[in-house]
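Single-letter residue listing:
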Amino acid sequence: MIEYIVGHINYWLIVAIMMVGLYTLMSRSNLVKKLAGLSMFQTAVILFYVSLGKVTGGTVPIISEQYSLYSNPLPQVLMLTAIVVGVATTALGFALVIRIKEAYNSVEENEISAMDEKE
Amino acid sequence: MEQLTILLIVIPLMVAPITALIPSEKVTWLLTLIVCLISLAISCYILYEVIDGSHVIYELGGWRPPWGIEYKIDSLNAFVALIVSAMGCLSCLFAYRSVPDEIEEKMIPLFYAAFQLCLLGLLGIALTGDIFNLFVFLEISSLATYALISMGKNRKALTAAFSYLILGTIGATFFLIGVGFLFAASGSLNTADIASRFDSFKDMQLVETALIFMVLGIALKAAIFPLHSWLPNAYSQAPSTVGIFLSATATKVSIYVLLRILYDLYPVDYWVNMLLPQIMLSLGCVAVIYGSYRAWQQTEMKRLLAFSSIAQIGYIVIGFSLVSQLGLTAAILHLFNHALIKSTLFIGAGILLYRANTTELGSLRGLGRDMPWTFAAITLAGLSLIGVPGTVGFVTKWYLLEAAVEKGMWIVVITIVLGSVLAIGYVWKIVENLYFRSKRKVHIQDVPSGDSAIAITPKTMSAALWIGAMLCIFFGLNTELSFEAASSAATALLKQ
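Here the residue numbers are simple positions, counted from 1 along each chain's written sequence. Whichever chain is written first is A, and whichever ligand is written first is 1; the rest continue in order. Only residues with pLDDT of at least 70 get local features here, since the model is predicted, and only at 80 or more are side-chain atom pairs given and counted; chain-wide, interface and lining totals rely on the full set of residues.

### Description of the overall build of chain A
Next, step 1: Strands here are runs of E lasting at least two residues and helices are runs of H or I lasting at least four, both read from the DSSP assignment and numbered beginning at the N terminus. Summing up its helical and strand segments, chain A has five helices and zero strands in all.
Next, step 2: For 119 residues, the compact-globule estimate of 2.2 N^0.38 gives 14 Å, and chain A exceeds it by more than 25% at 20 Å.
Next, step 3: In terms of overall dimensions, chain A has C-alpha extents of about 70 × 35 × 15 Å along its principal axes.
Next, step 4: Exposure classification rests on a simple neighbour count of other C-beta atoms within 10 Å of a residue's own: a residue reaching 20 or more is buried, one at 12 or fewer is exposed, and one in between is partly exposed. C-beta atoms are placed from the backbone. Counting over 119 residues, chain A shows a buried share of 25%.
Next, step 5: Long-range pairs, those at least 24 residues apart, make up 41% of the contacts in chain A with a sequence separation of at least 6. In this setup the radius of gyration rests on C-alpha atoms only. A globule is expected at 2.2 Å times the number of residues raised to 0.38. By the convention adopted here, residues make contact when the C-beta atoms placed from their backbones lie within 7 Å.

Below you can see the structure in the form of structure tokens.
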């Protein structure tokens, strides 16, 4: 059991980061904090992919006669794209928060929905 | 020939940045229309090529699958691409007069650029045969969608876009987790490759978890009950053009992804025993009743239509969770038919918004008598939504009922009938307010004096509306064309 937990320590940590992100996202009413939570949640998935590609004892995937065991480079390549997507999402989210702040003069979700209901 | 498929992606991708740089609203509109028309022509041609069950295969950069990204187009891919590009054309036609009215002048080039990117993303989802590539296109279309929704006039559009951004990103990330699990189990991202080697790794727990993550993530994007909360606000607050395009395509394409995952990526007998069809069937039934009921409660036309979309998605979910050739055909057919009906109705709502500057049903009373042609087209589309014989809505409901009876699912039959009765209720609400209520002076807000906007419906808008309404009737009477495409797609999905 202990061996199972220690052997998968990277996954446990990633799940922990993911849950912290999701919890922040759901529990905070401040829109900026929500975006921070979302960003953490995405980062956890990126870490998950990167740790998938690690092969114990494997080297960097450059063909050489001395080595026969390589780590899988594909997940890292995929995650470059996912990082770009994540940055774009966060940037768009912040742009929306700025517009919301201009329009409602608040970034608290509960205040904003109260204003929406009054209309 | 194969090169044509990639043009569907490359053309909008190249034109969108150019569009963003051109300062003229007319030129940007024209560019967008040309892009949509070229996409429509190419997807028609591809559908014609593959409808007999053959494939068009394109390997990106000449890398052989499973290493490279492969576009393997069968009739379902082509059918969905056709829906997306046809609806792009229709909303673009409508946009000519609507966009300058609703969007600041300096934002218009950016609006059209985002519109093209959204089209590109949706087409990409429809064509790609690589699940990670699919995620990237999903995010391209979603990011463009968030930006488009936030351009709505009302400040509520901003909050609608923000909550869609949060939920949409969660959905896409869930999908990404699922892809990661499946990649860990199979070592591949190519749909055909995973499907062909499925037996070698199907005993891993990971594969089941991957399925759940992917289905959950996509169900969120497809607004399947109870994951629909973002949809009503997003559709009703978005600019009219965006509302038309999204209601006709965004959820449909997500449903298509769900079909691919369930019927193509995973073998059918793998998930049939997982309670998944029963769960989805019951969710579909609840969605039909709940969506129709909430639509009936609404007093604002666009929100009413948005809730009705949730109900219609329910019908599609019912169709494909019956797991039969007929049910699947009905579901795929309804993708097309509902896209037609809902875009026509949203065009109608857009015209009312343009003329009267409101879509509150209470303020629109009696307006139908002033605008008989618009009103007639809205009524035609409304009848299709109910499922009156002779319209497209009837065709799908008929096949859906047949599929449910074939399986002996009487509760589903009752649900479909009840849903139609409720649909009569909410369509009647529109008709009653527009035509039968005594006329009230329309509130005119923010219309500059001497503006003729209130008096005449622009020709491009009427044209878009009537093309939509006529197609609703045409495909209702002339079912062979769409039925052949849908049943060929269903056959392609089921033969494994």
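### A short note on unusual backbone geometry
Next, step 1: Note the cis peptide between Phe225 of chain B and Pro226 of chain B, where omega equals 0°.
Next, step 2: One non-glycine residue, Asn105 of chain A, lies in the positive phi region at around 60°.
Next, step 3: Relative to the helices and strands, Asn105 of chain A is located in the loop between α4 (74–104) and α5 (109–118).
Next, step 4: Since 10 C-beta atoms lie within 10 Å of it, Asn105 of chain A is described here as exposed.
Next, step 5: For Leu275 of chain B, which is not glycine, the phi dihedral falls at a positive 70°.
Next, step 6: Here Leu275 of chain B is to be found in the loop between α12 (268–272) and α13 (276–297).

### A short note on the interface of chain B and chain A
Quite often, the size of an interface is put as the accessible area lost when its parts meet.
Next, step 1: Residue-level contacts link 21 residues of chain B with 25 residues of chain A.
Next, step 2: Only α5 (131–149) and α6 (156–186) of chain B provide two or more residues apiece to the side of chain B that touches chain A.
Next, step 3: The element best represented in the side of chain B that touches chain A is α6 of chain B, accounting for 13 residues.
Next, step 4: Tallied by class, the residues present in the side of chain B that touches chain A amount to 13 nonpolar, five polar and three charged. For this classification, the nonpolar set comprises Ala, Val, Leu, Ile, Met, Phe, Trp, Tyr, Cys and Pro, the charged set comprises Asp, Glu, Lys and Arg, and every other residue, Gly included, is treated as polar.

### Points about helix α4 (residues 108–127) of chain B
Next, step 1: Here, expected helix span is obtained from the residue count minus one, scaled by 1.5 Å. Spanning 20 residues, α4 of chain B covers 29 Å between terminal C-alpha atoms, matching the ideal 28 Å at 1.5 Å per step.
Next, step 2: Within α4 of chain B, 19 of the 20 residues are buried, which leaves the element mostly enclosed by the surrounding structure.

### Some details on the environment of Leu110 of chain B
Residue and element names in this part refer to chain B.
Next, step 1: Inspection of the secondary structure puts Leu110 in helix α4.
Next, step 2: The exposure class assigned to Leu110 is partly exposed, which follows from the 18 C-beta atoms found within 10 Å.
Next, step 3: Separated by 38 residues in the primary sequence, Leu110 and Leu148 have C-alpha atoms spaced 9.3 Å apart.

### Quick look at the environment of Leu353 of chain B
Residue and element names in this part refer to chain B.
Next, step 1: Its location among the elements puts Leu353 in helix α15 (residues 325–356).
Next, step 2: Accessibility expressed as a C-beta count within 10 Å gives 21 for Leu353, which makes it buried.
Next, step 3: With near-sequence residues (within four places) excluded, Leu353 lies in contact with Ser240, Thr358 and Thr359.

### Some remarks on the packing of helix α2 (residues 25–50) of chain B against helix α3 (residues 75–102) of chain B
Residue and element names in this part refer to chain B.
Next, step 1: Orientation is described by axes fitted as lines to C-alpha atoms, over the contacting stretch for helices, and by angles from 0 to 180 degrees between their N-to-C directions. One way to put it is that α2 packs onto α3 with a least axis distance of 8 Å and a crossing angle of 160°. When the axes of α2 and α3 are compared, the pair comes out roughly antiparallel. α2 and α3 meet at a crossing whose hand is left-handed.
Next, step 2: Counted by class, the contact of α2 with α3 contains 19 nonpolar, six polar and one charged residues. Working definition: roughly parallel below 35 degrees, roughly antiparallel above 145 degrees, roughly perpendicular at 65 to 115 degrees, and oblique for all remaining angles. Left-handed is the label given to a crossing in which the near helix is rotated counterclockwise from the far helix by less than a right angle, and right-handed is the label when the rotation is clockwise.

### Focus on helix α2 (residues 9–27) of chain A
Next, step 1: Over its 19 residues, α2 of chain A runs 27 Å from end to end, which matches the ideal 27 Å to within 8%, given 1.5 Å per residue.
Next, step 2: By the burial criterion, the buried members of α2 of chain A are Ile14, Met18, Gly21 and Leu25 of chain A. The buried side chains of α2 of chain A occupy one side of the element, clustering within an arc of 60° when seen end-on. Within α2 of chain A, the exposed residues directed more than 90 degrees away from the buried face are Ile9, Trp12, Ala16, Met26 and Ser27 of chain A.
Next, step 3: On its buried face, α2 of chain A sits against α3 (31–52) of chain A together with α6 of chain B. Within this analysis, the arc is defined by the directions that extend from the helix axis to the C-beta atoms.

### Considerations on the packing of α3 of chain B against helix α20 (residues 459–477) of chain B
All names here are of chain B.
Next, step 1: Remark: α3 packs on α20, axes separated minimally by 7 Å, with the N-to-C direction vectors making an angle of 155°. The angle between the axes of α3 and α20 places the two elements in the roughly antiparallel class. Judged by the twist between their axes, the crossing of α3 over α20 is left-handed. Counting all contacts with α3, which are made through Leu90, Leu93, Phe94, Tyr96, Arg97 and Ser98, the residues of α20 involved are Thr460, Met461, Ala463, Ala464, Ile467 and Gly468.
Next, step 2: Here the residues of the contact of α3 with α20 sort into eight nonpolar, three polar and one charged.

### A short note on the environment of Glu104 of chain B
Residues and elements named next belong to chain B.
Next, step 1: For Glu104, the location among the structural elements is in the loop between α3 and α4.
Next, step 2: According to the C-beta neighbour criterion, Glu104 is exposed, with 11 such atoms within 10 Å.
Next, step 3: Distance in space between the C-alpha atoms of Glu104 and Ala331 is 39 Å, their sequence separation being 227 residues.

### Remarks on the confidence of the model for chain B
Residues and elements named next belong to chain B.
Next, step 1: Note: pLDDT gives the predictor's confidence per residue, expressed from 0 to 100. When pLDDT is averaged along chain B, the result is 87; 96% of the residues meet or exceed 70.
Next, step 2: Of the regions scoring below 50 in pLDDT, residues 448–452 engages in zero contacts with residues more than four places distant in sequence or in other chains.
Next, step 3: Under the prediction, the complex receives an ipTM of 0.94, its pTM being 0.92.

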